[in-house]
Amino acid sequence: MNKRIYKLGVIGLGEGRSIISAALQSERWDLVNVCDINEEMCKLRRDEFGFRRYTLSYEEMLQDSEIDVIAIYTPDQLHGRHIQMALEAGKHVIVTKPMLHSLEEANGLLRVWKASGKYVFVGQSSRFFEPMLHQREDFLAGRHGEVDTVETFYIADSRWFLQKDWSRQRGFSWLYNFMIHAVDLAKWYLPEIEEVFGYGHSSSSNRAYGLTTPDTMRFVMKDKEGRIAQVAGSYTKPTLQHIDPGISCTLRGTKGTSRAVYSNLLYHTHFPPEKPVTHSFEEKFPYYFRFEGTSHHAGEYQNYIEYFADCLDKGETPKPDLMEGIHTLSILTAMERSMESGNPVKVNDVMKEFGLES
Ligand SMILES: NC(=O)c1ccc[n+]([C@@H]2O[C@H](COP(=O)([O-])OP(=O)(O)OC[C@H]3O[C@@H](n4cnc5c(N)ncnc54)[C@H](O)[C@@H]3O)[C@@H](O)[C@H]2O)c1
């Protein structure tokens, strides 16, 4: 099959840095333009990556008929508007998580998306991390047997994130911005989660930043067959850095169990009669973490834009797509409702409330 080269425009040059690096290192992508309202940020990236162009105007970038795909890394509260504008300009979209900051925008976006005939791909980066990719391969090969329990975690001291203005404004929540990684992994293995129940608490460290939405959450979820997911998140307290996994996903099945772990790129498996094994992908550290520290992780973006290009070549829908993104947001909304009411909440009831059940 012919491998086409796709032309990319990027908006939001904080985390957008990772996809810039990915596009520049890819044989499948040409980076055509980048956009940020902060000119200092544009200049910083221009000098870092040595490209010529940038623009402060999203409209101008969208008018460029050369661009096939827009990648969106603006603050959560702006994703809905920025996706909509890109679709209306006839572009495919890659949008970082969360696709939207509220389900209220979902119906309007659905209408625009249907009229556009374009793809919307949600950059759920954790799916594209090395240990998670190996776990998925083993799952699809049936090595776990029947999986009936999934445990996912995203536990980190992420108070640094609250230095960003928009993270202390309405529309930001730890659930939508951070815990979505753990929820998405659970949903990847149990796509038909129908009911959720959990508790959330806002700690004094969280309140010190003026946030009232919970920073500590524990949930159980079940799918249509009664399979169970356990999902946990904590974001403003010191962690046991040397043993806490950051993000992790454990699958327990009739034939075997595995755990993919973010920190240290580890993948633990036990598929009897094999003995338990720990697979380390530490040698890939420089591929995943290309910049200072580990807060940017461009390798995942590299993996997902190569995958996105392959999907475009084949005319296949890249996953998670807009519909899956809306289902994940419905699960998050059900989680919010459960924390507020102290009761289990059905995901379908939330979808009905927002006119999304069909
Ligand atoms: N694992 C992941 O996939 C991952 C990791 C980190 C961040 N993110 C996501 O990336 C998004 C941005 O996060 P961040 O950490 O880079 O935030 P940030 O505040 O560091 O960067 C956002 C950038 O968007 C720019 N911006 C704001 N409004 C704009 C507008 N109207 N037009 C053009 N540019 C605009 C800002 O000037 C800023 O440079 C968030 O949605 C976040 O969830 C995803």
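As annotated in an unreviewed UniProt entry, the protein carries the name Gfo/Idh/MocA family oxidoreductase and comes from Paenibacillus silvestris. The Sequence similarities (unreviewed entry) field of the UniProt record for the protein holds the comment "Belongs to the Gfo/Idh/MocA family."

*Asks:* Provide a residue-level description of helix H10 (residues 298-314), including the pertinent values.
*Replies:* Residue pairs spaced three or four apart in an α-helix point in one direction, given the helix's 3.6 residues per turn. Its 17 residues give H10 an end-to-end C-alpha distance of 25 Å, which sits within 8% of 24 Å, the value for a rise of 1.5 Å per residue. Most of H10 sits inside the fold, with 13 of its 17 residues counted as buried. Two residues or fewer after H10 comes Gly315, characterised by a positive phi angle close to 70°.

*Asks:* Describe the packing of aromatic side chains, with residues and values.
*Replies:* Scanning all chains against the criterion turns up 32 aromatic pairs. Judged by centre distance (5.8 Å) and plane angle (45°), the ring pair of Tyr6 and Trp29 falls under tilted. Taken together, the residues span a long stretch of sequence, with Tyr6 in strand S1 (residues 6-11) and Trp29 in strand S2 (residues 29-35) at a distance of 23 residues. The pair Tyr6 / Trp29 is uniform in exposure class, with both members buried. Seen in terms of ring centroids, Tyr73 and Tyr301 are 5.9 Å apart; in terms of plane orientation they differ by 40°. Their pairing is tilted. Linking Tyr73 in the loop between strand S3 (69-72) and helix H4 (79-88) with Tyr301 in helix H10, this pair joins segments that are 228 residues apart in sequence. Pair check on accessibility: Tyr73 and Tyr301 agree, each one buried.

*Asks:* Can you explain the domain arrangement of the protein? Please cite residues and give values.
*Replies:* Domain boundaries assigned for the protein yield domain 1 (6-125) and domain 2 (127-288 + 326-346). Relative placement of domain 1 and domain 2: their C-alpha centres are 26 Å apart. Ranking the residues of domain 1 by area buried against domain 2 places Gln77, Leu103 and Gln124 at the top, with a combined share of 37%. Here domain 1 is connected to domain 2 by seven residue pairs in polar contact (both at pLDDT 80 or more). Counted by class, the side of domain 1 that touches domain 2 contains eight nonpolar, five polar and two charged residues.

*Asks:* Which residues make up the UniProt feature "domain: Gfo/Idh/MocA-like oxidoreductase C-terminal" (unreviewed entry) in the protein, and what are the values?
*Replies:* Per the UniProt record, the feature "domain: Gfo/Idh/MocA-like oxidoreductase C-terminal" (unreviewed entry) sits at residues 145-347. Annotation note: span residues 145-347, helix share 31%, strand share 28%, distance between end C-alpha atoms 27 Å.

*Asks:* Please provide a residue-by-residue account of the environment of Leu24, values included.
*Replies:* Here Leu24 is to be found in helix H1 (residues 16-25). Looking at Leu24, the relative accessible area reads 42%, which means it is partly exposed. Sequence separation between Leu24 and Phe51 is 27 residues; the distance between their C-alpha atoms is 9.8 Å. Setting aside chain neighbours within four positions, we find Leu24 in contact with Leu31 and Phe49.

*Asks:* Break down the side chain of Glu300 for me, citing the residues and quoting the values.
*Replies:* Residue position: Glu300 is located in helix H10. No salt bridge is formed by the buried Glu300; the nearest opposite charge belongs to Lys97, separated by 9.6 Å. If near-sequence neighbours (up to four positions away) are discounted, Glu300 is found in contact with Ser125, Ser126, Phe128, Phe129, Tyr262 and Tyr288.

Rules behind the numbers
- Residues numbered from 1 in each chain as written.
- Predicted model: local features only at pLDDT ≥ 70, side-chain atom pairs only at ≥ 80, totals over all residues.
- Heavy atoms only, no water.
- UniProt positions renumbered as here; feature names shortened; annotations may be inferred.
- Helix = DSSP H or I, 4+ residues; strand = E, 2+ residues; numbered from the N terminus.
- Expected span 1.5 Å × (residues − 1).
- Buried < 20%, exposed > 50% of the residue type's maximum accessible area, 1.4 Å probe, protein only.
- Phe/Tyr/Trp six-rings, centres within 6.5 Å; stacked < 30°, edge-to-face > 60°.
- Domains from an automatic or database assignment.
- Buried area = accessible area lost by both parts, 1.4 Å probe.
- Polar contact = N/O pair within 3.5 Å; in protein donor to acceptor, adjacent residues only side chain to side chain.
- Nonpolar A, V, L, I, M, F, W, Y, C, P; charged D, E, K, R; others polar.
- Contact = heavy atoms within 4.5 Å.
- Lys, Arg positive; Asp, Glu negative; His and termini not counted.
- Salt bridge = Lys/Arg side-chain N within 4 Å of Asp/Glu carboxyl O.

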